[in-house]
Protein chains: 2
Amino acid sequence: MFNDFKLMNDRPVYMQVRDYLKEMIKKGHLLEHQKLPSTRELSKLLSVSRNTVLTAYADLEQYGLIYAIKGRGNFIGKVETSKMPSIEFHWKERLNEVTLLADELDLMKQDVLSEKGIISFNSIAPEEKLFDVENFKRAFLTRMSIEGDIVLNYGYAKGYKPLIEYLLHYMQLKGVDISNKDILITNGFTEGLDILLSSIAKKSGRVLCENPTHHAALKLFRLHGFDIHGIDMMDDGIDIEKVEESLSQGTFDFAYLIPSYHNPTGIVTSSEKRAEIIKLFSSYQIPIVEDGFNEELRYSGSHLAPLMTFIGPGNQVIYISSFSKILFPGLRVGWILADKELIHCLESVKRARTIHTSTLDQAVLYQYLHDGYFERYLKKARSVYKKKYELARQACNQYIPFKRMTGDGGLHLFIELEEGMNARVLLKKCYQKGVVFYPGDVFYSDGGGSNTFRLGFSRLKEEDIVQGIKIIGETLKNEVGS
Amino acid sequence: MFNDFKLMNDRPVYMQVRDYLKEMIKKGHLLEHQKLPSTRELSKLLSVSRNTVLTAYADLEQYGLIYAIKGRGNFIGKVETSKMPSIEFHWKERLNEVTLLADELDLMKQDVLSEKGIISFNSIAPEEKLFDVENFKRAFLTRMSIEGDIVLNYGYAKGYKPLIEYLLHYMQLKGVDISNKDILITNGFTEGLDILLSSIAKKSGRVLCENPTHHAALKLFRLHGFDIHGIDMMDDGIDIEKVEESLSQGTFDFAYLIPSYHNPTGIVTSSEKRAEIIKLFSSYQIPIVEDGFNEELRYSGSHLAPLMTFIGPGNQVIYISSFSKILFPGLRVGWILADKELIHCLESVKRARTIHTSTLDQAVLYQYLHDGYFERYLKKARSVYKKKYELARQACNQYIPFKRMTGDGGLHLFIELEEGMNARVLLKKCYQKGVVFYPGDVFYSDGGGSNTFRLGFSRLKEEDIVQGIKIIGETLKNEVGS
């Protein structure tokens, strides 16, 4: 006994001794009223100091797990044993349909795990090696020294005030009229969209969006019971004529649009089309939910104003975004910028659900932005991703016989094969050769897109981008007929 | 012009210059095709280096806000102006009933703001001055040096693995059989409860709970459309006879219980009653949601095992908790410990809603726990809060003519006045004398409790605790009749 105790070197020793004894008691290796070794003995047996054993025993006594008898030593206390009959619920039968649907629609559970050595075009998460860990630490220490106690205590549901003010100003510099608007900080973009979907009254129960579109948004629309009406993407954004046709035929509770580096097509909606979109939806009194996705990742050309800038002091656009997609996804910070009255109501939903977003995340992000680290990081990140982007584009042009390729920047390209080709068949064959990508059909609202796929290149080495695309192209040419 | 530029000393200067110009353009102070001052001129005007101006101009050019003509200088580019008619939605008309209810039930919006100088017994948040900021920083730096890039990138919906393993072990040491159980990390306790309420099938649509109980839980039950059946609290926990009566008369989708330092009564359910509770609910096949609230805040006596320990390998208890209530509320980290299959489904709900909880929060919390700082902090915190607790109890005994006072520890006491006394009337009078507390009726599921109130003492100075309670007692005796 006591010979299986192993000391870790980075946790207080008395806690290790105490927890070790606790486990032996719970597991029944030490029985009720059994005498424990003296502190001197145990300190020898475990090769720890006697003081360590004394502290461990004191804690165990406080827990009621052992008791001391003066002059006689320490003894094991009453061990609680469960005498109840064990009950086994079938939990799935006690869950509702939405939850079972969430389980079913959970793509992560179906993902082929990226094994080592495989070239995976699945991810559009940022490249970890680029992370600006040192300045992040600096921002943390700065903020903690300014108001560490505030950072660690409860905050406001609406968000950390300095961050809200920073973001309002940031959006103002993009041209947004913020006079009657406000910001709610959320746990990333996803919570922002989810809160909104939970709050919007389902009148028509219909949402209009680009087709294909962001699969996590599609999933949330489905979980919230909305009917999805997807409209084709042209090279400069959504097909505006089809939008008009749809709007004239029936109403929608809202439209969901991703004007920049659209997921999955990578298309950037042109400035002219942005203005047209606002005009059209406004005339039909349909609110727009604008996804600010990766708007910052422009590699060339000039800044395109968000849809929201076109409404001036109007309040029909709800802008949801997050820096975390390109900066630090591990920090869950996003925001909703919208009409003041609307934000005031959404704030209560946020409070009811998650009280508020981590103050730590918000405060460090604020400091990081404020100190200018974000912009410097963006410059570096852009140059790295731009190179990968150009390489991927070039390789696709060279190796893949596509019908259409889109992607005006960002971290991914979207390939449409000739009609009749099946991207999942291609994926299966490529997987055998060590290459995987994201089948495009998951982005379609109408079951289409079987001949499409998305290539995320952000986390791949340059040589793997070319090599992977070459393998996809050759497999397509040699093994997948139409 | 350019004379209202003010330099802050902690943000890169070129960004300040650039954003200043950007604002002037957006506001229309600089007009389309207007020539900008030369870099040399502007550097003098703003008292910054010429290089700073050059960098600022380069950024503005990249944004498309200015353009350069070789040999002639820099000019303001095309200024987008909104020509759309402004639209004003009445957003409240476009929101659903649940959201409007969330707004209505949002107590924070009704709170009397704690003005300076007022003695507020409202809060049961931890005392900021106690926060262990230095060791928290240490834990942060340690974790960042071990895996900073992982901490900052996407994590898993289920949670940060080292933290999950730590918590499983932690609960095992409390006596929980974890063999067929698993953990989902959430944004605090509140998200855990909300995810569960969204997922449980509404069969009877009824929930059984203690009366009074945690108001945020009551709010969530209401928002999720559950009928609430509250059962009186005795001094050793819920009235078990009334529970049996209720169970025999109708079924419930689940029960919600807070066995330790119950909010708001502060009652700790006795060990015997815990066993009885499990036996009773199990025999009726009703799952129990156990709120692990402030379980760690025991000031004396031995450890009381959570309800979950009594079920052995059974799966009918869902344990939801968080360290943040006493440790760092600013970090939003809670967890659900439950049946493996159940957690597997809840994981998909979590992913659909918020992707995952901040990896930064989880990783730093893990390191802080692992390095033993938490236990040391608890020891210190306990001794401080214990003193305040005893002081508050003693003052209540001395000054307040109550019918019943409860609170076996924790951070608050609960006062029941004689029948017919109104705590809100008392509150109004006390507010005039600079003292506020939490009216108890908000904790009641059935509109009762008008003669009760909660006194949170955690953040008050010792002298203010006594002084505040004295004022409440005197006001009660002199100004509030029954």
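All of these numbers come straight from a predicted model, not from anything done at the bench.

All names here are of chain B. Following the sequence through the fold, Glu 104 ends up in helix 4 (residues 97-104). With a relative accessible area of 54%, Glu 104 lands in the exposed category. In this structure, the C-alpha to C-alpha distance between Glu 104 and Lys 386, residues 282 residues apart in sequence, is 36 Å.

Moving on, we come to the domain arrangement of chain A. The domain architecture assigned to chain A consists of domain 1 (13-76), domain 2 (99-129 + 376-479) and domain 3 (131-373). In this structure, domain 1 of chain A and domain 2 of chain A have C-alpha centres spaced 57 Å apart.

In this section: the packing of helix 8 (residues 188-199) of chain A against helix 9 (residues 215-223) of chain A. Residue and element names in this part refer to chain A. Helix 9 packs onto helix 8 with a crossing angle of 25 degrees between their chain directions and a minimal axis gap of 10 Å. Considering the angle they form, helix 8 stands roughly parallel to helix 9. The handedness of the crossing between helix 8 and helix 9 comes out as right-handed. Along its contact with helix 8, which presents Thr 190, Leu 193, Asp 194 and Leu 197, the element helix 9 presents Ala 217, Leu 220 and Phe 221. Classifying every residue of the contact of helix 8 with helix 9 gives 5 nonpolar, 1 polar and 1 charged.

With that settled, consider the relation of the copies chain A and chain B. These two copies of the chain differ by a rotation about an axis and a displacement along the same axis. Expressed as a screw operation, the relation of chain A to chain B combines 0.0 Å of axial shift with a rotation of 180 degrees, fitting to an RMSD of 0.0 Å. What the superposition gives is, in effect, a two-fold axis relating one chain to the other. In this assembly the copies share their binding face: 100% of the residues contributing to the interface of chain A also contribute to that of chain B.

What follows is about the environment of Gly192(A). All names here are of chain A. Secondary-structure assignment places Gly 192 in helix 8. Classification of Gly 192 as buried rests on a relative accessible area of 0%. With 101 residues separating them in the primary sequence, Gly 192 and Phe 293 have C-alpha atoms 13 Å apart. Residue contacts for Gly 192: discarding those within four places in its chain leaves Thr 186, Ile 320 and Ile 336.

Reading the values: rules and limits
Residues numbered from 1 in each chain as written. Chains lettered and ligands numbered in written order. Predicted model: local features only at pLDDT ≥ 70, side-chain atom pairs only at ≥ 80, totals over all residues. Heavy atoms only, no water. Helix = DSSP H or I, 4+ residues; strand = E, 2+ residues; numbered from the N terminus. Buried < 20%, exposed > 50% of the residue type's maximum accessible area, 1.4 Å probe, protein only. Domains from an automatic or database assignment. Axes fitted to C-alpha atoms, helices over the stretch in contact; angles between N-to-C directions. Parallel < 35°, antiparallel > 145°, perpendicular 65-115°, else oblique. Left-handed = near helix turned anticlockwise from the far one by under 90°. Contact = heavy atoms within 4.5 Å. Nonpolar A, V, L, I, M, F, W, Y, C, P; charged D, E, K, R; others polar. Least-squares fit on C-alpha atoms with pLDDT ≥ 70 in both.

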